[in-house]
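What follows is the residue order along each chain.
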Amino acid sequence: MAKNKATTVNTRNDNVMAALAFIILGTILVAEKSLNVLRLAVIVFGVALLTLGILELINRNLIVGLAEIVVGVALILLAALVPDIATLVLGIALCLYAIYFLIIYWSSLTGGKLTLRKVIIILLILFSLVAGILLIVEYVASVGADLWISAGAFLLGAGAMIILKKFVSEVNSKK
């Protein structure tokens, strides 16, 4: 009889894909400050959203899955066809992701005492929102590479919060 393998990473888990996308995107923004690399980052984020959307469809979450697929394809196409607005598109996508996360976790954030899980979710939302706003400001004002680096740092923080949230959930489920 075959034993089931225990795995630490479940690729069906949207959190794993989102954390990977944020960490890769954050690393790209911190390490490189050129429009071609930012265009690549937008494509990476679009592919991650597309993958998340497909996973949502597999899990029978039709509305969220279709929305993620549409946004993912739109990001990929915009980055490929109109690279000049890649910064703006990525900023808006990150702000929308933060709003989406706020909507998803609103009921668990309201009421009750402040827990570590709530703090992590709030930080995830804030980090994503700040990164998006920084990229929008960079597009509008062309301030310089410092905003890209800051946005990348906030994305790395958001990715870390997703991983920390998963870790805290696992620890709490084993109690």
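Residues numbered from 1 in each chain as written. Predicted model: local features only at pLDDT ≥ 70, side-chain atom pairs only at ≥ 80, totals over all residues. Heavy atoms only, no water.

### Observations regarding the overall build of the chain
Note the following rule: Runs of E in the DSSP output that reach at least two residues are strands. Runs of H or I that reach at least four are helices, and both are numbered from the N terminus. For each residue, the accessible area found with a 1.4 Å probe, counting protein chains only, is set against the maximum for its type, and the residue is called buried under 20%, exposed over 50%, and partly exposed in between. Here, residues are in contact when the closest pair of their heavy atoms is within 4.5 Å. The accessible surface values rely on the Shrake-Rupley method and a 1.4 Å probe; as for residues, cover is taken only from the protein chains in view.
Along the backbone of the chain there are six helices and zero strands. For the chain, the succession of helices and strands along the chain, N to C, is α-α-α-α-α-α. For the chain, the residues scored as buried account for 39% of the 175 residues in total. Partitioning the contacts of the chain with sequence separation of at least 6, the portion at a separation of at least 24 is 69%. Only carbon and sulfur atoms are counted for the fraction: they give 70% of the accessible area of the chain, which is about 9,800 Å².

### Points about a nonpolar patch on the surface
The cut-off we apply is this: Nonpolar side chains (Val, Leu, Ile, Met, Phe, Trp, Tyr) are joined into patches within 5 Å and like charges within 9 Å, using only residues with over 30% relative accessible area and no salt bridge. The rule for a salt bridge is simple: a side-chain nitrogen of Lys or Arg has to be within 4 Å of a carboxyl oxygen of Asp or Glu.
Residues V73, L77, L78, L81 and V82 make up a contiguous nonpolar surface patch of roughly 410 Å² in combined accessible area. Structurally, the position occupied by L81 is in helix α3 (residues 62–81). Residue class for L81 comes out exposed when judged on its relative accessible area of 66%.

### Here's the deal with helix α5 (residues 116–141)
Short version of the rule: The span you would expect from a helix comes to 1.5 Å times its residue count less one.
With 26 residues, α5 should cover 38 Å at 1.5 Å per step; its first-to-last C-alpha distance of 37 Å lies within 8% of that length. Within the sequence span of α5, burial applies to K118, I120, I121, L124, I125, F127, S128, A131, G132, L134, L135 and E138.

### Let's talk about α3
Residue pairs spaced three or four apart in an α-helix point in one direction, given the helix's 3.6 residues per turn. Worth spelling out the cut-off: Taken from the helix axis, the directions to the C-beta atoms give the arc we talk about.
The end-to-end C-alpha distance of α3, which contains 20 residues, comes to 28 Å, matching closely the 28 Å that a straight helix rising 1.5 Å per residue would cover. Taken residue by residue, α3 has V64, G65, E68, I69, G72, L75 and A79 as its buried positions. The arc that holds the buried residues of α3, viewed along the axis, is 130°, so those residues lie on one side. Opposite the buried face of α3, by more than 90 degrees, sit the exposed residues L62, I63, V70 and L81.

### Details of the confidence of the model for the chain
Convention followed: Per-residue confidence from the predictor is reported as pLDDT, which spans 0 to 100.
The predicted model of the chain averages 79 in pLDDT, with 88% of residues at 70 or higher. Note on residues 1–12: pLDDT is under 50 here. Beyond four places in sequence and across chains, it has six contacts.

### Points about the packing of aromatic side chains
Rules: A pair of aromatic rings is counted whenever rings of Phe, Tyr or Trp (Trp by its six-membered ring) have centres within 6.5 Å, and the orientation is called stacked for planes under 30 degrees apart, edge-to-face for over 60 and tilted otherwise.
What the rule picks out here adds up to five aromatic pairs. Seen in terms of ring centroids, F101 and Y105 are 4.8 Å apart; in terms of plane orientation they differ by 45°. Their pairing is tilted. Of this pair, F101 and Y105 both sit in helix α4 (residues 86–109), four residues apart, which is roughly one turn of the helix. With respect to class, F101 is no different from Y105; both count as buried. Grouped by ring-pair contacts, the aromatic residues F22, Y97, Y100, F101 and Y105 constitute a single cluster.

### Section: the packing of α3 against α4
Heads up, the condition is: Here, axes are lines fitted to C-alpha atoms. For helices the fit covers the stretch in contact, and angles between N-to-C directions go from 0 to 180 degrees. Any angle that falls under 35 degrees is termed roughly parallel, while one over 145 is termed roughly antiparallel, one within 65 to 115 roughly perpendicular, and all others oblique. We call a crossing left-handed when the near helix sits turned anticlockwise from the far one by less than a right angle, and right-handed when that turn is clockwise. Ten residues, namely Ala, Val, Leu, Ile, Met, Phe, Trp, Tyr, Cys and Pro, are considered nonpolar, four, namely Asp, Glu, Lys and Arg, are considered charged, and the remaining ones, Gly among them, are considered polar.
Close contact between α3 and α4 brings their axes to 11 Å; oriented N to C, the two are set at 165°. As the angle between them shows, α3 and α4 are arranged roughly antiparallel. In this structure, α3 meets α4 at a crossing whose hand is left-handed. Residue-level contacts link V64, E68, L75 and L78 of α3 to V89, A93 and Y100 of α4. The residue makeup of the contact of α3 with α4, split by class, is six nonpolar, no polar and one charged.

### Things to note about the environment of V71
Relative to the assigned elements, V71 resides in helix α3. Among the residues examined, V71 registers a relative accessible area of 33% and is labelled partly exposed. In the structure, V71 is positioned 26 residues away from F45 in sequence and 9.9 Å away in space, judged by C-alpha atoms.

### Some points on unusual backbone geometry
Excluding glycine, most residues fall at negative phi; most peptide bonds, likewise, are trans. Here the phi dihedral of R60 falls at roughly 65°; this positive angle occurs in a residue that is not glycine. Classification of R60 by relative accessible area gives exposed; the value is 77%.

### Structural notes on the packing of α4 against α5
Across the interface, α4 lies against α5 with an axial gap of 7 Å and an inter-helix angle of 160°. Classified by the interaxial angle, the pair formed by α4 and α5 is roughly antiparallel. Our pair here, α4 against α5, has a crossing hand that is left-handed. Taken together, the residues of the contact of α4 with α5 sort by class into 21 nonpolar, five polar and three charged.

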